[in-house]
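Chains, contacts and geometry: an overview
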Amino acid sequence: MAAAKAAGRTPKCVVFCGSASGRSQISGLPLPSPLDVLAEALTHEAGEGSWARIEGDYTHEQRVASLSRFETRDECSVLLLPVRACSSGLTLTCANHVLLVDLQADHRAELQLINRVWRIGQLKPVHVKRFVSQGTVEERMLEMRKRTKGVLSPRRRMRLRWLRRRPTPRAR
């Protein structure tokens, strides 16, 4: 992003997060949403106008205002989005960076999020970063995904179907 700023272009970043606010497993105290924490950090570092946000309970007018601010203002370079409320129906080709804060259980859900930015009409290269904490269940899920990649490809599924339909040989 620093190289883009040096070249005079303002990079735009979309941050997707699936976690909602909840309660601590240890103390039972309420925990803030990761998007709340990111918004506070962005406000502290770059100011109130440096980011926009859409939540599931926003009205249509609030959504349009947030998207318009992100798309038209150079100083607004980050859009914070919850996964459930914004995983489909958005075209965000003004952005060129996608940050996935939470690993999604289904890799197709992650592709859907990335495709909000990387779609027809995108003129800039899109950079995607996925954050996974070391030593967590998410890390194990990602490792399993990498190991099983291709196991359920269309060609493999056809072969498995063919093997299941084949009659078993009879002993003579």
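Cut-offs and rules
Residues numbered from 1 in each chain as written. Predicted model: local features only at pLDDT ≥ 70, side-chain atom pairs only at ≥ 80, totals over all residues. Heavy atoms only, no water. Core = buried A, V, L, I, M, F, W, Y, C linked by side-chain atoms within 4.5 Å. Buried < 20%, exposed > 50% of the residue type's maximum accessible area, 1.4 Å probe, protein only. Contact = heavy atoms within 4.5 Å. Helix = DSSP H or I, 4+ residues; strand = E, 2+ residues; numbered from the N terminus. Polar contact = N/O pair within 3.5 Å; in protein donor to acceptor, adjacent residues only side chain to side chain. Salt bridge = Lys/Arg side-chain N within 4 Å of Asp/Glu carboxyl O. Pairing = 2+ DSSP bridges. Axes fitted to C-alpha atoms, helices over the stretch in contact; angles between N-to-C directions. Right-handed = clockwise from strand over helix to strand, strands pointing away.

Looking now at the nonpolar core. Counting 20 residues, the largest nonpolar core has Val 14, Phe 16, Phe 70, Leu 79, Leu 81 and Leu 92 as the members making the most contacts within it. Ignoring any residue separated from it by four or fewer positions in sequence, one finds Leu 81 in contact with Val 14, Val 15, Phe 16, Cys 17, Leu 35, Ile 54, Cys 86, Leu 90 and Leu 92. Residues Val 15, Ala 39, Val 78 and Leu 80 belong to the second largest nonpolar core, which totals eight residues.

We now examine the side chain of Glu 110. Turning to its location among the elements, Glu 110 is positioned in helix α5 (residues 107–114). Relative accessible area serves as the criterion here: at 2%, Glu 110 is assigned to the buried category. One polar contact links Glu 110 to Arg 145, side chain to side chain, over a distance of 3.1 Å. Apart from residues no more than four positions distant in its own chain, Glu 110 is found in contact with Leu 100, Asp 102, Leu 103, Gln 104, Arg 130 and Arg 145.

Moving on: the pattern of salt bridges. If you walk through the whole model with that rule in mind, you get five salt bridges. Note that Asp 36 is salt-bridged to Arg 53, the shortest N-O span being 2.8 Å. Highlighted residues: Asp 36 in helix α2 (residues 34–46) and Arg 53 in strand β4 (residues 51–53), separated in sequence by 17 residues. According to the relative accessible area criterion, Asp 36 is partly exposed, its value standing at 35%. Look at Arg 53 and you get buried, because its relative accessible area is 11%. Taking the shortest distance from any N to any O, the salt bridge between Arg 130 and Glu 110 comes out at 2.9 Å. With Arg 130 in strand β7 (residues 127–130) and Glu 110 in helix α5, the pair connects residues that are 20 residues apart, well separated along the chain. Each of Asp 36, Arg 53 and Glu 55 takes part in a single network of salt bridges with overlapping partners.

Turning next to the sheet that holds strand β6 (residues 97–100). Strands sit in the order β4-β5-β1-β6-β7 across an open sheet of five strands; the sheet is parallel. The sheet is open, and its two edges are formed by β4 and β7, each paired on a single side. Strand-to-strand twist across the sheet, computed as the mean angle between neighbouring axes with direction ignored, equals 20°. Both strand β1 (residues 13–17) and β6 contribute to a ladder of four bridges, which runs parallel.

Here the focus is the pairing of β6. Judged from the four bridges that link them, β6 and β7 form a sheet pairing that is parallel. Residue pairing for β7: Leu 100 is matched across the bridge by Arg 130. Handedness of the crossover is the feature at issue here: the chain leaves β6, passes through α5, returns alongside β7, and the resulting connection is right-handed.

Interpretation in functional terms is not warranted from these geometric data alone.
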